[in-house]
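As a plain string of letters, each chain reads:
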Amino acid sequence: MARPPGHSLEVADVFRAHGAAWRKANEGHVSLGQLKVMSAIETCRTAALGGHVERCEDCAHERVAYNSCRNRHCPKCQGAAARQWLEEREAELLPVPYYHVVFTLPAAIGAIAFQNKAAAYDLLFKTAAETLLTIAADPKHLGARIGLTAVLHTWGSALTHHPHVHVIVPGGGLSPDGARWIACKPGFFLPVRVLSRLFRRLFLKGLEALHEAGRLVFFSDLAPLADKRAFDAVLAPLRRSEWVVYAKRPFAGPQAVLAYLARYTHRVAISNSRLTLLDEAGVTFKWKDYRIKGRDRLRTMTLDAAEFIRRFLLHVLPSGFHRIRHYGLFAGTVRARNIERVRQLLAAPKASPERSRADADRDETSSPARPCPCCGGRMIIVETFEGERPKRSPSPTRIRIDTS
């Protein structure tokens, strides 16, 4: 596919080239949410969304910048959101080791979860959190109240449906009376097998409750599961199988935690950097085959453009669904108070106050992220526009900004 010089291949290019045909071929089988995501990505940072004109204060060089769609599924729009979220989290980091635990749903439940995204993903969050909170509170293990941050991912490296939750948790917690900090053993947080068994029991119990309450729907090949006996038959072998709960080694320090969060919190199904080619054969992209050890696991895959679009849209979340959640000590209105209490017990310095939103907005307006490409001077916004790129002559859609 011919692209302008310096333009790397993007998901938006695939949608613009093949989206219309795909929508027509799948008419009546595409959700409103998926259609909105496609539209947002196709128009992101194009004249359709309007933008602004920047001018260098020194050499008067001008350039046009188009607005972002800000859709959370857009590969180009997560950088700014991730940076803001990380600034808020940085002030909350504790001077203790942090651990990374991953809870994965079995493949047999994946299809049920896909047809019931809101209910199943919510249950995945709750049962993963309850598992950690329960085992950590048990005096036989840690005997403490912990806090955790959980992030939902629904994809595998090949864009297949693979729902799992990444959990970041400090290595310890508050004693039941809140009077002291209880640290976990060095290099060990909680026993994985114990976590796996409780996670399995809690999730299956919750899934049964959803079925009994009539909150699950089943279509196509899964339609027979509306009958309780058929549903129970599918769950029966899952009660005896091993569920994957993976505990990674502790992070090297708080900054490593932030680096990890920067990569994972606002990630979408596939980043533009993984795309390598769009041609008659389809879309070629890089992926990791985790069944292979070492460098050989990095491979390339080519999918028909229609199949690529289908797989990408598998991961569109329900409207309003929160994919980053906090539990235990980090939940809700008690979060700040609990973090301050832990800092006092650990004799840690108080975190620097966060910048106000007004300060951040003012900085964005007065100091654009990119300097002038000609002389390195300061670029300032001189006008904004809606709909199309402004011409030399005045346009009724322009809004003049006073920069004096």
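Keep in mind that what you see is a predicted model, and the values were worked out from it rather than measured. (Residues numbered from 1 in each chain as written. Predicted model: local features only at pLDDT ≥ 70, side-chain atom pairs only at ≥ 80, totals over all residues. Heavy atoms only, no water.)

## With respect to the confidence of the model for the protein chain
Our working definition: For every residue, the predictor states its confidence as a pLDDT score lying anywhere from 0 to 100. Whether two residues are in contact is decided by their heavy atoms, any of which lying within 4.5 Å being enough.
Confidence in the prediction for the protein chain averages 86 pLDDT; 89% of positions are at 70 or higher. Across residues 353–368, confidence stays below pLDDT 50; counting only partners more than four residues off in sequence or on other chains, it has 9 contacts. For the stretch residues 392–404, pLDDT sits under 50, and the model shows 21 contacts to residues farther than four places along the chain or on other chains.

## Here we look at the pattern of salt bridges
Inclusion rule: Each reported salt bridge corresponds to a side-chain nitrogen of Lys or Arg within 4 Å of a carboxyl oxygen of Asp or Glu. Helix and strand definitions follow DSSP, with helices as H or I runs of at least four residues and strands as E runs of at least two, each counted in order from the N terminus. The buried label applies to any residue whose accessible area, calculated with a 1.4 Å probe on protein chains only, is under 20% of its type's maximum; exposed applies above 50%, and partly exposed to all values in between.
Tallied over the entire structure, the rule returns 16 salt bridges. Note that E10 and K76 form a salt bridge whose closest N and O atoms lie 3.2 Å from each other. Within this pair, whereas E10 is found in the segment before α1 (11–25), its partner K76 is found in the loop between β2 (62–66) and α3 (78–90), the two being separated by 66 residues in sequence. According to the relative accessible area criterion, K76 is buried, its value standing at 19%. A salt bridge links D122 to K126, with the shortest nitrogen-to-oxygen separation between them at 3.1 Å. With D122 and K126 both in helix α5 (residues 117–137) and 4 residues apart, the pair spans about one turn of that helix. For K126, a relative accessible area of 46% translates into the label partly exposed.

## Considering helix α6 (residues 192–212)
Where we set the bar: In a helix, the anticipated span is given by 1.5 Å times the number of residues less one.
If you check α6, its first and last C-alpha atoms are 30 Å apart, about what 21 residues at 1.5 Å a residue would give, namely 30 Å. Every buried residue of α6 is listed here: L195, S196, L198, F199, R200, L202, F203, L204, G206, L207, L210 and H211. Contacts from the buried residues of α6 go to β3 (98–104), α4 (107–115), α5, α7 (228–235) and β8 (245–248). In the stretch just after α6, G214 is the one whose phi turns positive, near 75°.

## So, the packing of aromatic side chains
Applied cut-off: Under the pairing criterion, centres of Phe, Tyr and Trp rings, with the six-membered ring standing for Trp, must be within 6.5 Å; the plane angle then separates stacked pairs below 30 degrees from edge-to-face pairs above 60, leaving the rest tilted.
Taken as a whole and judged by the stated rule, the model has 11 aromatic pairs. Here Y66 and F385 contribute two aromatic rings whose centre-to-centre distance is 6.0 Å and whose plane-to-plane angle is 85°, an arrangement assigned as edge-to-face. In this pair, Y66 sits in strand β2 while F385 sits in strand β13 (residues 379–385), placing the two residues 319 residues apart along the sequence. Taking the relative accessible area as the measure of exposure, Y66 reaches 26% and is therefore partly exposed. Look at F385 and you get buried, because its relative accessible area is 2%. Centre to centre, the rings of F199 and F203 are 6.3 Å apart; their planes meet at 55°, and the pair counts as tilted. Placement of the pair is F199 and F203 together in helix α6, with a separation of 4 residues, close to one helical turn.

## A look at the environment of R83
Relative to the elements of secondary structure, R83 occurs in helix α3. For the pair formed by R83 and H266, sequence separation is 183 residues and the distance between their alpha carbons is 9.6 Å.

## Points about the packing of α1 against helix α9 (residues 305–313)
Which entries qualify depends on this criterion: The angle between two axes is taken between their N-to-C directions and runs from 0 to 180 degrees, where each axis is a line fitted to C-alpha atoms and a helix contributes only its stretch in contact. If an angle is under 35 degrees, it is roughly parallel; if it is over 145, roughly antiparallel; if it lies from 65 to 115, roughly perpendicular; otherwise it is oblique. Nonpolar residues are Ala, Val, Leu, Ile, Met, Phe, Trp, Tyr, Cys and Pro. Charged residues are Asp, Glu, Lys and Arg, and all others, Gly as well, are polar.
One way to put it is that α1 packs onto α9 with a least axis distance of 10 Å and a crossing angle of 105°. Put simply, α1 runs roughly perpendicular to α9. Across the interface between the two elements, V11, V14, F15, H18, G19 and W22 from α1 touch A305, A306, F308, I309, R310, F312 and L313 from α9. Grouping the constituent residues of the contact of α1 with α9 by class yields 10 nonpolar, 2 polar and 1 charged.

## Focus on the sheet that holds strand β4 (residues 147–155)
Paired through their backbone hydrogen bonds, the strands of a sheet run either parallel or antiparallel. Stated precisely, the cut-off is as follows: At least two DSSP bridges between two strands are required for those strands to pair.
Taken in spatial order, the 5 strands line up as β8-β3-β5-β4-β12 in an open sheet, and their pairing is antiparallel. What marks the edges here is a single partner per strand, and that holds for β8 and β12 (324–328). Within this sheet the neighbouring strands show an average axis-to-axis angle of 25°, counted without direction. Alignment of β4 against strand β5 (residues 161–170), held across 6 bridges, turns out to be antiparallel. Across the sheet, residue W155 finds its bridge partner in β5, namely H161. Its contacts with the sheet place α5 against β3, β4, β5 and β12, and it is angled at close to 145° to β4.

## Some words on the nonpolar core
This is how it is decided: For our purposes a nonpolar core is just a set of buried Ala, Val, Leu, Ile, Met, Phe, Trp, Tyr and Cys residues, chained together by side-chain atoms within 4.5 Å.
Ranked by size, the top nonpolar core spans 51 residues in total, and within it L132, L142, L148, F189 and L207 carry the most contacts. For this core, the secondary-structure elements that each account for two or more residues are β3, α4, α5, β4, β5, α6 and α7. The element that contributes the greatest number of residues to this core is α5, accounting for 11 residues. Beyond its immediate sequence surroundings of up to four residues, L132 is in contact with F103, I146, L148, V167, F189, L190 and L195.

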